[in-house]
Amino acid sequence: MIRIKEFIRTFIENLKPKKGGTVRFMFPVILGFAIILGANTISSQSSYIRLEADKSTIKAGERFALDVYAYAHVAVNAVDISLSFNPNNVDVIGVDKGQSVLTIWTEEPKVDGDKVILRGGTFRRGFIGEHKIATINLVAKSTGQASFSTGDVMLLAGDGQGTPVSVSETSDSKLSLYVYDENEDPEDIGVAVEVNLLTD
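All residue numbers refer to position in the chain's written sequence, counted from 1. Residues qualify for local features only when their pLDDT is at least 70, as the model is predicted, and side-chain atom pairs are given and counted only at 80 or more; totals for whole chains, interfaces and linings, by contrast, use all residues. Values shown for side chains rest on all heavy atoms present in the structure; no hydrogens or waters enter the calculation.

## Brief notes about unusual backbone geometry
- With a phi close to 60 degrees, R124 is a non-glycine residue in the positive phi region.
- Segments assigned H or I by DSSP are reported as helices when at least four residues long, segments assigned E as strands when at least two residues long, and all are numbered from the N terminus. With respect to the secondary-structure elements, R124 resides in the loop between β6 (115-121) and β7 (127-140).
- Classification of R124 by relative accessible area gives exposed; the value is 80%. Burial status follows relative accessibility: with a 1.4 Å probe on protein chains alone, a residue under 20% of its type maximum counts as buried, one over 50% as exposed, and anything between as partly exposed.

Rendered as structure tokens:
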């Protein structure tokens, strides 16, 4: 950061007009420098996928929903997301795309083994910021930890060239829920899960 500040200071000092010079020639140069600096800042950011469930503990046989969100730091108009899950713990009973930011689906959301595949896009330049991609409806089967994660993720920029957008894996890209049976107290399970997550 110090080197950047020194570079900017030296750069501006060298741009100062000499006697008899004019300030109007400095504006395009400074504007160009600001654009380069701004582009450098944008490239250091990245997009991500976030998972959010409507419950943290689920009773075996109970239905629940898992929302998949995408955050785009630049305009994105195509997504390809694979959500992994353990079919021994949960069953996917449907995918709701009614509130999705995607308006074009290259193929209908589908379950392929232990993955839910979400592929689609939007018209024009796409979306920026965080938006819902789909809601996955599930039913809990066996007791224990039910884990979800996004592995193969591709976001493409709405720049007319389909440029790949950098995607970071965050703590919200994975999610673990606990499935309990009718003989367990869900309040005790919630405390146990929280302790495990803190010490993990």
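## Description of the environment of T103
- You can see T103 is positioned in the loop between β4 (90-96) and β5 (104-112).
- The contact criterion used is simple: two residues touch if any of their non-hydrogen atoms lie within 4.5 Å. Residues within four places of T103 in sequence aside, it is in contact with G121, T122 and F123.

## Comments concerning the packing of aromatic side chains
- The rule is short: rings of Phe, Tyr and Trp, with Trp giving its six-membered ring, pair when the centres are within 6.5 Å, and they are stacked under 30 degrees, edge-to-face over 60, tilted in between. Overall, the coordinates contain 2 aromatic pairs when judged by the stated rule.
- Pairing F64 with F148 gives two aromatic rings, centres 6.3 Å apart and planes at 70 degrees, and the pair type is edge-to-face. In this pair, F64 sits in strand β3 (residues 63-85) while F148 sits in strand β8 (residues 144-157), placing the two residues 84 residues apart along the sequence. Just as F64 is buried, F148 falls in that class too.
- One residue, R50, lies across the ring of Y69, its end atom 4.4 Å from the ring centre. By the criterion adopted, a ring carries a charge over it if an Arg CZ or a Lys NZ lies within 6 Å of its centre and within 35 degrees of its normal.

## Things to note about the pairing of β6
- Of all 7 residues in β6, 5 are buried, a share of seventy percent or more.
- At least two bridges found by DSSP between two strands is the condition for calling them paired. The pairing of β3 with β6 spans 7 bridges and is antiparallel. Each residue of the ladder has a partner; that of S82, found in β6, is I117.
- Relative to β6, β5 runs antiparallel, the two being bridged by 6 bridges. Bridging across to β6, D112 finds its partner in K115.
- Two successive antiparallel strands, β5 and β6, enclose a turn made up of 2 residues, where G113 displays a positive phi of approximately 70 degrees.

Remember, this is a structural readout, not a statement about activity or role.
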